[in-house]
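What follows is the residue order along each chain.
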Amino acid sequence: DVKVTQSSRYLVKRTGEKVFLECVQDMDHENMFWYRQDPGLGLRLIYFSYDVKMKEKGDIPEGYSVSREKKERFSLILESASTNQTSMYLCASSPPYGQGEYFGPGTRLTVT
Amino acid sequence: AQSVSQHNHHVILSEAASLELGCNYSYGGTVNLFWYVQYPGQHLQLLLKYFSGDPLVKGIKGFEAEFIKSKFSFNLRKPSVQWSDTAEYFCAVNDYNQGGKLIFGQGTELSVKP
């Protein structure tokens, strides 16, 4: 089974802090994704990556950056956390050509 | 760009009732279609998917979905829901013109009353 793990299930940070969310997948998938999930808004794509050191902006990249130094790891960075970034963050991975994504358990981030 | 609409935001049913959740995508072409489910406190799981072939797709836990190309629809159905089906359901489309990423609908929250 594909396994996607995220470094924390719950995280509380203060406004202005730099936040790192880590995601690791064990299936050698080329594609990795970061979403945020908010009630009534569904899943919104923040960034994605098709390969190591490669990144593409999703629908809502403002205030975020990403890093993919190794194929199995995709990190989401909040350079200066703000309260409107309080959300559930989901990482996913997939093989190529749109075969569906496998999701991690999510990190619920609260910024106070 | 491709978009996905789920018409029902919150559906409340009694156990044994039949379920149909609507999903429409905005334009045609070659698409792959998915339904994901998120049970309370759990991560998103793939319920079923359609790539090609028989437009009636069967998934886990008795769910099925029908792809109707002329209507750009991929509705999810279950003949008789159970309390354990209480969850949020997301429809998603992968459009080959937009690479490997999925476009998700807003989600439908299903509450099943025992």
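As shown above, the structure is provided for reference.
Since the model is a prediction, treat every value here as computed from it, not as a measurement.

K.L.:
I'd like to hear about the interface of chain B and chain A, residue by residue, with values.
P.N.:
Taken together, the contacts link 21 residues of chain B with 22 residues of chain A. In total, about 1500 Å² of surface goes out of reach between chain B and chain A, with carbon and sulfur atoms giving 56% of it. Counting across the chain B and chain A interface gives 0 salt bridges. Counting across the interface, chain B meets chain A through 4 residue pairs in polar contact (both at pLDDT 80 or more). When residues of the side of chain B that touches chain A are traced back to their parent elements, those giving at least two are β5 (31-38), β10 (87-95) and β11 (102-104) of chain B. For the side of chain B that touches chain A, the element with the highest residue contribution is β5 of chain B, accounting for 4 residues.

K.L.:
Can you explain the environment of P40 of chain B? Please cite residues and give values.
P.N.:
Residues and elements named next belong to chain B. When you line up the elements, P40 lands in the loop between β5 and β6 (45-50). Judged by its relative accessible area of 62%, P40 is exposed. Spatially, the C-alpha atoms of P40 and T30 are 33 Å apart, while their sequence positions differ by 10 residues. With residues near it in sequence (within four places) discarded, P40 still touches T86 and A87.

K.L.:
How would you sum up the state of the cysteines? Please name residues and give values.
P.N.:
All names here are of chain B. Scanning all chains against the criterion turns up 2 disulfides over all chains. The disulfide that involves C23 links it to C91, with 1.9 Å between the sulfurs. Here the disulfide of C23 and C91 is left-handed, its torsion about the S-S bond being about -65°. Taken together, the positions of C23 in the loop between β3 (19-21) and β4 (24-25) and C91 in strand β10 put the pair 68 residues apart, joining distant regions of the chain. Side by side, C23 and C91 carry an identical accessibility label, which is buried.

K.L.:
Please set out the nonpolar core residue by residue, giving values where relevant.
P.N.:
In this structure, L33, W35, L48, F74, L76 and Y89 of chain B are the most contacted members of the largest nonpolar core, which totals 29 residues. When contributions to this core are tallied by element, the ones reaching two or more residues are β2 (10-14), β3, β5, β6, β8 (64-68), β9 (73-78), β10 and β12 (108-113) of chain B. With residues up to four places along the chain from it excluded, the contact list for L76 of chain B reads L19, E20, L21, W35, L47, L48, F63, E64, A65 and Y89 of chain B. Of all hydrophobic cores here, the second largest spans 20 residues; its members include L11, C23, C91 and L109 of chain A.

K.L.:
Report on the sheet that holds strand β1 (residues 4-6) of chain A, specifying residues and quantitative values.
P.N.:
Residue and element names in this part refer to chain A. Taken in spatial order, the 4 strands line up as β1-β3-β8-β7 in an open sheet, and their pairing is antiparallel. Of all strands in the sheet, those bounded by a partner on one side alone are β1 and β7 (64-70). Each adjacent strand pair in this sheet contributes to an overall mean axis angle of 20°, direction not counted. Pairing geometry for strand β3 (residues 19-25) and strand β8 (residues 73-78), over 6 bridges, is antiparallel. Its bridge partner lying in β8, F20 is registered against I77.

K.L.:
Quick rundown of the pairing of strand β11 (residues 107-111) of chain A? Include the residues and the values.
P.N.:
Residues and elements named next belong to chain A. Because side chains alternate across β11, one face comprises the buried residues T107, L109 and V111, and the other comprises R108 and T110, none of which is buried. Bridge count for strand β2 (residues 10-13) against β11 is 4 bridges, and the pairing is parallel. Bridging across to β11, Y10 finds its partner in R108. Pairing between strand β9 (residues 87-94) and β11: 3 bridges, direction antiparallel. Looking across to β11, one finds that M88 is bridged to R108.

K.L.:
Please give an account of the environment of Q37 of chain A that cites residues and values.
P.N.:
Residue placement: Q37 of chain A occurs in strand β4 (residues 31-38). Judged by relative accessible area, which is 11%, Q37 of chain A ranks as buried. Note: C-alpha distance between Q37 of chain A and F48 of chain A (11 residues apart in sequence) is 15 Å. Discounting chain neighbours no more than four positions away, the residues touching Q37 of chain A are G42, L43, S87, M88 and L90 of chain A together with Q38, E88 and F90 of chain B.

Conventions used here
- Residues numbered from 1 in each chain as written.
- Chains lettered and ligands numbered in written order.
- Predicted model: local features only at pLDDT ≥ 70, side-chain atom pairs only at ≥ 80, totals over all residues.
- Heavy atoms only, no water.
- Contact = heavy atoms within 4.5 Å.
- Buried area = accessible area lost by both parts, 1.4 Å probe.
- Salt bridge = Lys/Arg side-chain N within 4 Å of Asp/Glu carboxyl O.
- Polar contact = N/O pair within 3.5 Å; in protein donor to acceptor, adjacent residues only side chain to side chain.
- Helix = DSSP H or I, 4+ residues; strand = E, 2+ residues; numbered from the N terminus.
- Buried < 20%, exposed > 50% of the residue type's maximum accessible area, 1.4 Å probe, protein only.
- Disulfide = S-S within 2.5 Å.
- Core = buried A, V, L, I, M, F, W, Y, C linked by side-chain atoms within 4.5 Å.
- Pairing = 2+ DSSP bridges.
- Axes fitted to C-alpha atoms, helices over the stretch in contact; angles between N-to-C directions.

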